[in-house]
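Tertiary structure, described
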Number of protein chains: 2
Amino acid sequence: MTAIERLSLNQWTTRRWSVREAVDGCVRHEIPAIGLWREAVAEHGLAETATLVTDAGLRVSSLCRGGFLTGPDRGLDDNRAAIDEAAALGAACLVLVVGGLPGMAPGGARGPGFSRDLADARARVADALTALVPYAAERGVRLALEPLHPMYCADRAVLSTLAQALDLAEPYPTAQVGVVVDTFHLWWDPEVLTQIERAGDRIASYQVSDFLVPLPADTLLGRGMMGDGVIDFHSLTAGVEAAGYRGDIEVEIFNADIWTADPDHVLSTMKRRFARYVSGCVESG
Amino acid sequence: MTAIERLSLNQWTTRRWSVREAVDGCVRHEIPAIGLWREAVAEHGLAETATLVTDAGLRVSSLCRGGFLTGPDRGLDDNRAAIDEAAALGAACLVLVVGGLPGMAPGGARGPGFSRDLADARARVADALTALVPYAAERGVRLALEPLHPMYCADRAVLSTLAQALDLAEPYPTAQVGVVVDTFHLWWDPEVLTQIERAGDRIASYQVSDFLVPLPADTLLGRGMMGDGVIDFHSLTAGVEAAGYRGDIEVEIFNADIWTADPDHVLSTMKRRFARYVSGCVESG
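Residues numbered from 1 in each chain as written. Chains lettered and ligands numbered in written order. Predicted model: local features only at pLDDT ≥ 70, side-chain atom pairs only at ≥ 80, totals over all residues. Heavy atoms only, no water.

Chain A carries the name Sugar phosphate isomerase/epimerase in an unreviewed UniProt entry, which gives Microbispora triticiradicis as its organism.

Have a look at this one:
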């Protein structure tokens, strides 16, 4: 086996592909794992997707995404549905993007109940976890808390650092609540290597994409193919390895140019860049 | 005295005003302090500016800015010049924006020697401080390390959190090396209140502006007038007060709309918003 056998395609990287096309693409390019998105799975059908990935011999490295726990209703029903879906797909984890300030939609629109009380929003996340963890544990689903870059704190995730994610996860067994280490979100953090070491087997997912400078007008799309931005993947990947993580490494890129490019070309580039920037310091699967 | 007597206009907020116009504006609006920028001071003349602000009875709450210590030559000569200027102006501190990755210009252009080695860039800052602090101390100038929002880590400042700034400052007396607490840069940090408390009399400058969501296409201009964005100024200001800071509170806003607005209108709004969002929890000067 080679390190490439830990590569996973997060399907948002080839966003215009359906689940079937993405699965076929993985098989064609010998990529052994896929990170699925709920919207795409719903379109193809949950049971049909489970069968499709199993028949293709792919691992499901993650399901994206639950979360948005900071709003008025905390979204618990939708999160329970997401947990059920992750169980049906045999996903290694359900990624949780916890949500921004109460009453603020992704993109910044303010709705009823908008509040600037960040500490309260963060407390709501901890509170929602107490409701969701037992449900997920019963179904064998590992929740994965994803800290997002601080520029998304207000409208997407009040969870901004790995330290904060680990503090939230700490009350629970590592098999029930893990964390996502995403290079785009965390590369700048002076504490990131210390916290990756602290995380140890809390690491449920390792996601890679580069940080582009300057950012595009829509900052959500500021991710790039590894090598196109400013991140030193070696130190982060070596840290994740040293922490003991041996799971799949997902490439998740939100980028307007990559979304309009030929997905087969994207997958070829992704494999080449993965080999050049990431897999040099990982053990084979 | 009222809390408004701790208000300072950072002159970049009314960027198209010359030093003379900004000083006149402060006098006209009864704003007792000003944060000056080196470019504007050079245009008016250093000695002339010192005389102008003294005659107007204004305090110089800061001089912006030295720094950019991570490049090939570490910019030491230019920083010594900035220190001399801060001394001549009697500025309360010289703000240091430490610089991004080596070989990357503000805005992201890559030059010779571009490196992704963030740890090395951060070490360069510590190294440059050892050269600059004695020079500043001899001239009675307090250096103020400013952590910038993590979205600027690559191209403007590898100093991203207050904790990191305090670690850098720690080897030096508080009178020689302080830190800047800027709401725009730090509001998201789960550790910010703890670190403000830790900072105590390290706080050399407190700067306020709001964080806009969504950010504009040029993320550098994502600051807004207090109340227009997502920041809860009360908790941050109360923390800075509890830490013992009794200096001026500067309003520093980079914003295309504010820069094109009538500066007198900007100052009126600024005073009103300062009273509404900030000064309610500060002691009078």
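**Thoughts on the overall build of chain A**
Looking only at helices and strands, chain A has 11 helices and 10 strands in total. At 18 Å, chain A has a C-alpha radius of gyration in line with the 19 Å of a compact globule built from 285 residues. Referenced to the eigenvectors of the C-alpha coordinate spread, the extents of chain A come out at roughly 45 × 40 × 35 Å. Relative to its full complement of 285 residues, chain A shows a buried share of 61%. Summed over its atoms, the accessible surface of chain A is roughly 10,200 Å², and 51% of this surface lies on carbon and sulfur atoms. For chain A, the distance from the average position of its 25 positive side-chain charges to the average position of its 38 negative side-chain charges is 2 Å. (Helix = DSSP H or I, 4+ residues; strand = E, 2+ residues; numbered from the N terminus. Rg over C-alpha atoms; globule rule 2.2 N^0.38 Å. Buried < 20%, exposed > 50% of the residue type's maximum accessible area, 1.4 Å probe, protein only. Areas by Shrake-Rupley, 256 points an atom, 1.4 Å probe, with all protein chains shown as cover. Lys, Arg positive; Asp, Glu negative; His and termini not counted. Charge placed at Lys NZ, Arg CZ, Asp CG, Glu CD.)

**A few points about the relation of the copies chain B and chain A**
Both copies of the chain are related through a single rotation about an axis accompanied by a shift along the same axis. With an RMSD of 0.0 Å, chain B superimposes on chain A once it is rotated by 180° and translated 0.0 Å along the axis. The operation mapping one copy onto its partner corresponds to a two-fold rotation axis. Residue Ala217 of chain B, judged by its C-alpha, is the member of chain B lying nearest the rotation axis, at 2.0 Å. Here 100% of the interface residues in chain B have copies in chain A that are interface residues too; the copies meet face to matching face. (Least-squares fit on C-alpha atoms with pLDDT ≥ 70 in both. Contact = heavy atoms within 4.5 Å.)

**Some remarks on the packing of aromatic side chains**
Inspection of the entire model under this criterion finds 13 aromatic pairs over all chains. Look at Trp187 of chain B and Phe211 of chain B: their rings are 5.5 Å apart centre to centre, the planes differ by 50°, and that puts the pair in the tilted class. Linking Trp187 of chain B in the loop between helix 7 (183-186) and helix 8 (192-199) with Phe211 of chain B in strand 8 (residues 210-211), this pair joins segments that are 24 residues apart in sequence. Joined through ring pairs, the aromatic side chains of Trp12, Trp37, Phe254 and Trp259 of chain A make up one cluster. Across the ring face of Trp259 of chain B, the terminal group of Arg15 of chain B is positioned such that the distance to the ring centre comes to 4.6 Å. Taking NZ or CZ as reference, Arg139 of chain B lies 3.5 Å from the ring centre of Tyr135 of chain B, over its face. (Phe/Tyr/Trp six-rings, centres within 6.5 Å; stacked < 30°, edge-to-face > 60°. Lys NZ or Arg CZ within 6 Å of the ring centre and 35° of its normal.)

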